[in-house]
Amino acid sequence: MAAARKLFVAGAKVLTDLAAAPAVKDILIEDGIIAAIGSEQEGPPPDAKRLDARGKLAIPGLVNAHYHSHDVLARGMFEDLALEGWIALAIPPPARVLTRREARLRTLLGAIDCLRNGITTVQDMLGCGPGSEEQVEAVIDAYNEVGIRCVLGLQVGNRAAIDGLPGIRERLPAALAPMLSAGVSDARRILDFVAEPLRRSGGRLTFAIAPGSPQRCTFDLLCGLAGLSARHRLPMVTHVSESKSQVMLKQAGVRLALGADNTSAGDAQNLFEAMKLVCNMSAGKGPARSTLLAADALAMATTAGAQAIRLAGRIGRIAVGMAADLTLLDLSDPSYLPLNDAVRQIVYCESGRGVHTVIVDGEIVVEDRRVRTVDYDALLAEVAALHDPFARDAGAHAAFVAPVLPYILDTVRAHAGLPLPFDRWPSADDRLPDDGGA
C-alpha cells in the first residue's frame, strides 16, 4: 500500500469561521483531505512535508461558480456592448478550426489566471458541440495537468440564433436571415456528445450538464439534458434572465454564488473583484443599510459556490474531513496592515496581489506566487504564437457579422424600452412580498 501523502501547514492564521477572527493554527493534510486542525504543537509528523505558513492567512480556496474557458484568448477585445452584440462577436463560428493545441493552451492560461487569484475550483461552461470531441479531451487533460479542481459542463444548444432573440426576424432583411439560421443540430447527437466524456469523471474533475440557455435549446434537448443530470446525479447549469435576485433570493434562503464569467467580458478571473462589487452594488442602492455584507460575499465565493455546483461537504470550508483546497494570503501586504477585520479586508482590500500559496487537493500548485505544475515561461511563448492567427480569425468573424450587427443592436434597444414589473438592480430595502406565512 502506498504511503499517505501528508502536508503540514504550520503557523497560519486560519479562517475557519466567517463570524470569528482567525486564530493561529496548524493544518495536517493527508491524501488531499484535512485530517486535523489544531493550535501550534510540537511539529509535523515525521513523514509529512512541512509548509511554513507563518505570516499567512489561510482561507478556503475560492469557487468560481460560473466561467467559460473557451474565450480566454479574446481578453481585452470588447467593451461597451449589449449582451446580444457581444455574443455575436465573441462566440466564434462552428466552422472555425480549433486545434487540440489551442484548446490545451487556452485552458491552461485561464486556469493559471484563476489559481493565481486564489481560485481552487472552477465551473467551466465550455462552448462546444458534436465534432469537437478531440478538443474536449484536450481541455480535460489540461485541467488534470494544471491541478485546479474543475466541474466541466459542455455548453450546448440546438436552436438557431435567429430563434433566440425575439423580434429579430421582423427587423432582419430576408437576405441576411441565413446568417443567423445556421448551426441547428440533432438533439440525440448532442446528448450522445454530452454523455460520452462523463466516464472521465473522478478526482479533481467532475461534470455538470450545461444547456447554454433555455431559449437556445429545443424542448426535446432540455428534457434529454435534464435526464442526464438526474441519471448521473450532476448539477445542471445554464444562463437565465436576472432580476432583483441578489437580495430576494437571499431572503428566500437560496444560496447565491459568484463567478467571473467570460474572460472576454470581464477580462479577469478575479473573485476578489466580484466580492467587492456585489457588496458595493447593494450598498449603493437605496437609503437603507445593505443586506449584503463582506461575510455574505465571502460565503458566496466559498460555501455557497460549493453548494451551487454540488460540491458542498467537500470544498468551501476549512474543516476536518473537507478537501484540502486552501489559499494562503500574505499578511505583510498593505491590504492587511493592520489586521482589523480579516473578512472585510479580504473583500474590500484584496485584489489578488496578496495570494501567496494555493493548495488544491492537498497539493501545492502555487507557491510564492508562481505556478508549480506548469512551465509558465514555456507556456507564454506558445500562447504568443497563437495571437496573430486568433486575431486574424476574430477580425474575419467581426467582418462577417458586421451586416447583421446593427439589426441585433436595434432589437436590443427596442427591448430596453419595454416596461418590466421589476428592477434588475437590487435595493438594500427590497423585501419579498408578505405571503401571510403560507
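These numbers were taken from a predicted model, which means no experiment stands behind them.

Conventions adopted
- Residues numbered from 1 in each chain as written.
- Predicted model: local features only at pLDDT ≥ 70, side-chain atom pairs only at ≥ 80, totals over all residues.
- Heavy atoms only, no water.
- Helix = DSSP H or I, 4+ residues; strand = E, 2+ residues; numbered from the N terminus.
- Buried < 20%, exposed > 50% of the residue type's maximum accessible area, 1.4 Å probe, protein only.
- Contact = heavy atoms within 4.5 Å.
- Areas by Shrake-Rupley, 256 points an atom, 1.4 Å probe, with all protein chains shown as cover.
- Phe/Tyr/Trp six-rings, centres within 6.5 Å; stacked < 30°, edge-to-face > 60°.
- Lys NZ or Arg CZ within 6 Å of the ring centre and 35° of its normal.
- pLDDT = per-residue confidence, 0-100.
- Salt bridge = Lys/Arg side-chain N within 4 Å of Asp/Glu carboxyl O.
- Pairing = 2+ DSSP bridges.
- Axes fitted to C-alpha atoms, helices over the stretch in contact; angles between N-to-C directions.
- Core = buried A, V, L, I, M, F, W, Y, C linked by side-chain atoms within 4.5 Å.

## Topic: the overall build of the protein chain
The helix and strand inventory of the protein chain stands at 14 helices and 14 strands. Here the protein chain holds 438 residues, and 47% of them are scored as buried. The long-range fraction of contacts in the protein chain, counting pairs at least 24 apart against all pairs at least 6 apart in sequence, stands at 78%. Summing over all exposed atoms, the protein chain offers an accessible surface of approximately 20500 Å²; the carbon and sulfur share of this is 54%.

## Structural notes on the packing of aromatic side chains
Per the counting criterion, the structure on display carries zero aromatic pairs. Directly above the aromatic system of Y376 lies the positively charged group of R116, at a separation of 5.5 Å from the ring centroid.

## Notes on the confidence of the model for the protein chain
Low-confidence regions, as indicated by low pLDDT, have predicted coordinates that should not be scrutinised in detail. Summarising the model, the protein chain shows a mean pLDDT of 88, and 89% of its residues fall at 70 or more. Overall, residues 242–248 carries pLDDT values under 50, and its contacts beyond four positions in sequence, including any with other chains, amount to 24 contacts. Counting contacts from residues 432–438, a segment whose pLDDT is below 50, to residues more than four positions away or on other chains yields three contacts.

## Side note on the side chain of T411
The residue T411 is located in helix α14 (residues 405–416) in this model. By relative accessible area, which is 0% here, T411 ends up buried. Apart from the residues lying within four places of it in its own chain, the contact partners of T411 are L165, P166, G167, I168 and R171.

## Focus: the pattern of salt bridges
Considering all chains together, one arrives at 23 salt bridges under this definition. For R149, the salt bridge goes to D325, with nearest N and O atoms at 2.8 Å. You can see R149 sitting in strand β8 (residues 149–156) and its partner D325 sitting in the loop between α11 (303–308) and β11 (326–330), a full 176 residues away along the chain. Exposure class is identical for R149 and D325. Each is buried. One salt-bridge network, in which partners are shared between bridges, spans R100, E137, D141, E196, R199 and R200.

## Observations concerning the sheet that holds strand β7 (residues 119–127)
Read from one edge of the open sheet, five strands run β9-β8-β7-β6-β10, paired in parallel fashion. Looking at the sheet topology across the chains shown, the edges are occupied by β9 (205–211) and β10 (261–262). Of the strand pairs in this sheet, strand β6 (residues 62–68) and β7 are connected by four bridges, and their pairing is parallel. Bridge assignment links Y67 to a residue of β7, and that residue is D124. Lying over the sheet, helix α6 (residues 219–232) contacts β8 and β9, oriented at roughly 155 degrees with respect to β9. Set on the sheet, helix α9 (residues 271–283) makes contact with β6 and β7; between it and β6 the angle comes to about 95 degrees.

## A few points about the nonpolar core
Core analysis: the largest hydrophobic core is formed by 95 residues, its most contacted members being L62, L152, M275 and I346. The element contributing the most residues to this core is helix α2 (residues 100–116), with eight residues. In this view, M275 contacts L62, L258, A297, L298, A301, I346 and V347; residues no more than four positions away in its chain are not counted. V9, I34, L51 and I318 belong to the second-largest nonpolar core, a separate cluster that totals 16 residues.

## Some words on the pairing of strand β13 (residues 363–367)
Pairing of strand β12 (residues 355–360) with β13 involves three bridges; the strand directions are antiparallel. Residue V360 lies in a different strand from β13, and its bridge partner there is E363. Following β12, the chain reverses through two residues before pairing antiparallel with β13; D361 in that reversal takes a positive phi of roughly 55 degrees. Bridge count between β13 and strand β14 (residues 370–371): two bridges; the pairing is antiparallel. Looking at the pairing, E367 lines up with R370 of β14. A loop of two residues connects β13 with β14, the two strands running antiparallel in sequence, and D368 in this loop sits at a positive phi of about 50 degrees.

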